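Chain residues, written in single-letter form:
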Amino acid sequence: MIIVNPTSGKEEGTGYVRMAQEILEGQGYVITVKETQQEGDAARFSTAACEEGYGMVVSIGGDGTLHEVINGLTGRQQCPKLGIIPLGTVNDFARAIGLSLIPEEAIRTLASPATRSVDVGQMNERLFINVVAAGALAESVSSVTSEDKSKFGSLAYFKEGLKELTGNTPNHLLINHDGEVWEGDSPLFIAALTNSVGGFERLAPGAAVDDGLIHCFIIKDLTILSTLTASISLLLGNLKDHKGVEYFAARSVTVQSAAPMRINVDGEEGPALPVRLSVLPRHVRVVVPEGESR
């Protein structure tokens, strides 16, 4: 089953479907194509693929489409392997697992016999594949429209983020992780399953898609000056050592706030705090380039 988001990749998603069909038919697959029209479609389609015994589900779209596909795939008795054609604005998970961001190359990977079993995060009753973030900056990212993503690409997130940096207001957070507690004011909390968040592939250089851990960053100050210095640390791969950042890795994390606060999940708007995060180790098999399987 090919699940395609027609608004992804500057609305070029459907143009890659035929190429993917040809590759997969050459591998002996009979293809069904499902095009999303509204929120929740991708999850429903991938659930149907499990129930109807499909051997593979291919997600053509961005991190939001992939998020829905994962939520439909997991928790089933029979789970197809997952192919990914990244057409989103950032494509963090594709970066983390070593897939090409060039759609034609990613499509050719569908013929690879190699797979890698990757972790999936659980947030309350919902699943995520890459990142959960809480704070005003995370809320601003959720407000970016599909139209702006198509028009401006990653600059759409940058534009919205700048609005928050000048009016930065910390939130009081209570965070429990593997029996330890952190409490204090923070304008931004990030919980990542991989090394890539927001297109930065060195957020947590030691993180792997199958290490069974949630890598967490508590940003304690997000003024313009500290943001510049933190950005340098981010590019060098040592953000966790920055004086304005608290870092820990855990298997279970609970986040609460004193004031109402919504979160961002895999680039999309999520529920309000509190949330409980945990890991489903090596829960989904993803098709990867030959030589990348583990």
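Cut-off values and rules
Counting of residues starts from 1 at the beginning of each chain's written sequence and follows it residue by residue. A pLDDT threshold of at least 70 governs which residues receive local features in this predicted model, and a stricter bar of 80 or more applies before side-chain atom pairs are shown or counted, although totals over entire chains, interfaces and linings include all residues. Derived side-chain values reflect all non-hydrogen atoms in the structure, with water molecules and hydrogen atoms excluded from consideration. For every residue, the predictor reports its confidence as pLDDT, a number between 0 and 100. The criterion used for residue contact is that any of the two residues' heavy atoms lie within 4.5 Å. Two cysteine sulfur atoms make up a disulfide if the distance between them is within 2.5 Å. In this scheme, a residue with accessible area under 20% of its type's maximum is buried, one over 50% is exposed, and one in between is partly exposed, where area comes from a 1.4 Å probe on protein chains only. By definition, any uninterrupted DSSP run of H or I lasting at least four residues is a helix, any uninterrupted run of E lasting at least two residues is a strand, and each is numbered from the N terminus. Each pair of strands is called paired provided DSSP finds at least two bridges between the two strands. In this analysis an axis means a line fitted to C-alpha atoms, helices contributing only their contacting stretch, and an angle means the value between N-to-C directions, from 0 to 180 degrees. A pair is scored as a salt bridge if a Lys or Arg side-chain nitrogen falls within 4 Å of a carboxyl oxygen belonging to Asp or Glu. Here the aromatic set is Phe, Tyr and Trp, taking the six-membered ring for Trp, and pairing holds for ring centres within 6.5 Å; pairs whose planes are under 30 degrees apart are stacked, those over 60 apart are edge-to-face, and all others are tilted. What the arc covers is the set of directions going from the helix axis to the C-beta atoms.

Turning next to the confidence of the model for the protein. In the predicted model, the protein carries a mean pLDDT of 83, and the fraction of residues at 70 or more is 76%. A low-confidence stretch, residues 148-162 stays under pLDDT 50, and its non-local contacts, those more than four residues away or across chains, total 24 contacts.

A separate point is the state of the cysteines. Simply put, disulfide is the name for a covalent bond between the sulfur atoms of two cysteines. Applying the stated criterion to the full structure yields zero disulfides. No disulfide involves Cys50; its sulfur sits 5.1 Å from the nearest other cysteine sulfur, which is in Cys79.

Moving residue by residue along a regular strand, the side chains alternate between the two faces of the sheet. With seven of its nine residues buried, strand E5 (residues 115-123) lies for the most part within the structure. When E5 meets strand E16 (residues 275-287), the two strands line up antiparallel, connected through eight bridges. Its bridge partner being in E16, Met123 is matched across the sheet by Leu277. With three bridges joining them, E5 and strand E6 (residues 126-128) adopt antiparallel strand pairing. Along E6, the bridge assignment pairs Gly121 with Phe128. Adjacent in sequence and paired antiparallel, E5 and E6 are bridged by two residues, among which Asn124 carries a positive phi angle near 55 degrees.

What follows is about the sheet that holds strand E10 (residues 188-192). As summarised here, the arrangement of the six strands in space is E12-E11-E10-E7-E14-E15, forming an open sheet in which the pairing is antiparallel. Two strands lie at the open edges of the sheet, namely strand E12 (245-250) and strand E15 (268-272), each paired on one side alone. On average, each strand axis in the sheet is inclined to that of its neighbour by 20 degrees, with strand direction left out of account. Relative to E15, strand E14 (residues 262-265) is paired through three bridges, and the arrangement is antiparallel. If you follow Asn264 over to E15, its bridge partner there is Glu269.

Bringing unusual backbone geometry into the picture now. Along the chain, Leu273 connects to Pro274 via a cis peptide bond; the corresponding omega equals 10 degrees. Examined against the element boundaries, Pro274 turns out to sit in the loop between E15 and E16. Notably, Arg282 is not glycine yet its phi reads approximately 45 degrees, a positive angle. By the secondary structure assignment, Arg282 is in strand E16.

Moving on, we come to the pattern of salt bridges. Using the criterion set out here, one finds seven salt bridges in the structure. A salt bridge links Arg18 to Glu22; its shortest N-O distance comes to 3.6 Å. Of the two residues, Arg18 and Glu22 are both situated in helix H2 (residues 17-25); the distance of four residues between them amounts to about one turn of the helix. Glu22 sits in the partly exposed class, given a relative accessible area of 47%. For Asp210, the salt bridge goes to Arg116, with nearest N and O atoms at 3.3 Å. Highlighted residues: Asp210 in the loop between E10 and strand E11 (214-219) and Arg116 in strand E5, separated in sequence by 94 residues. Residues joined by salt bridges that share partners form a network here, namely Arg18, Glu22 and Glu25.

With that out of the way, let us pick up the packing of aromatic side chains. Using the criterion set out here, one finds one aromatic pair in the structure. Between Phe217 and Tyr247 the ring centres are 5.0 Å apart and the planes differ by 50 degrees, which places this aromatic pair in the tilted class. You can see Phe217 sitting in strand E11 and its partner Tyr247 sitting in strand E12, a full 30 residues away along the chain. On the basis of relative accessible area, Tyr247 is assigned to the partly exposed category, the value being 25%.

What follows deals with H2. Those residues of H2 that sit buried are Val17, Ala20, Gln21 and Leu24. One side of H2 carries all its buried residues, which in axial view fall inside an arc of 105 degrees. For H2, the elements touching its buried residues are strand E1 (2-4), strand E2 (33-35), strand E3 (56-61) and helix H6 (103-109).

To continue, consider the pairing of E11. Counting buried positions along E11 gives six out of six residues, so the element sits mostly inside the fold. Note that E10 and E11 share five bridges and pair antiparallel. From the neighbouring strand, Leu188 faces E11, where its bridge partner is Ile219. Where E11 and E12 come together, six bridges link them in antiparallel fashion. By the bridge assignment, Ile219 is partnered in E12 with Val245.

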